[in-house]
Amino acid sequence: MSEQQQHDTDTDREFVTLYGGPLDGQHIDVTGWSDAHRGAGVAHITEHGTYGPGGRAMYGPAPDDPWPFSTDRWVWEGDCP
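By convention here, each chain's residues receive numbers from 1 onward along its written sequence. Where totals are concerned, whole chains, interfaces and linings use all residues; where local detail is concerned, this predicted model gives features only for residues with pLDDT of at least 70, and gives and counts side-chain atom pairs only at 80 or more. Side-chain measures were taken over the full set of non-hydrogen atoms in the model, leaving aside hydrogen atoms and water.

1. Observations concerning the overall build of the protein
Strands here are runs of E lasting at least two residues and helices are runs of H or I lasting at least four, both read from the DSSP assignment and numbered beginning at the N terminus. Summing up its helical and strand segments, the protein has 2 helices and 5 strands in all. Counted from the first residue to the last, the protein has its helices and strands arranged as α-β-β-α-β-β-β. Pairs at least 24 residues apart make up 38% of the contacts formed inside the protein by residues separated by at least 6 positions. Working rule for contacts: check all heavy atoms of both residues, and any pair within 4.5 Å makes them a contact.

Shown next as structure tokens:
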């Protein structure tokens with residue numbers, strides 16, 4: 001089962017969708033994450049970013065998202081080594 005299919009059928013899980021950057025359209029499982037952790041976002045390892053294999057693409061809540069970041073979308077913030 002693909003991650004998208006799992007996302008569409010698994011009601012006990014919470015996902016955010018990534019917008020922009022090298023991981024655009026992918027989903028991250030954030031089930032059980034605290035509001036503080038969700039507010040911090042992620043630096044997800046990818047080989048498709050500026051720094052190639054081993055680099056990270058940073059995603060987090062959009063600047064206009066209200067606390068406690070109940071949104072299901074994160075925006076690309078840039079890449080890091």
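Anyway, onward from the coordinates.
2. A short note on the pattern of salt bridges
We define a salt bridge as a contact between a side-chain nitrogen of Lys or Arg and a carboxyl oxygen of Asp or Glu at a distance within 4 Å. Counted by the stated rule, this structure contains 2 salt bridges. The salt bridge involving Asp29 is made with Arg13; its shortest N-O contact spans 2.7 Å. Residue Asp29 is found in strand S2 (residues 27–29), and its partner Arg13 is found in the loop between helix H1 (3–9) and strand S1 (15–19); the two are separated by 16 residues along the sequence. Burial here depends on accessible area, computed with a 1.4 Å probe over protein chains only, as a share of the maximum for the residue type. Under 20% is buried, over 50% is exposed, and the range in between is partly exposed. Judged by relative accessible area, Asp29 falls into the partly exposed class, the value being 27%. Here Glu14 and Arg38 are joined by a salt bridge, their closest N and O atoms 2.8 Å apart. Placement of the pair is Glu14 in the loop between H1 and S1 and Arg38 in helix H2 (residues 35–40), with a sequence separation of 24 residues. We classify Glu14 as partly exposed; its relative accessible area is 40%.

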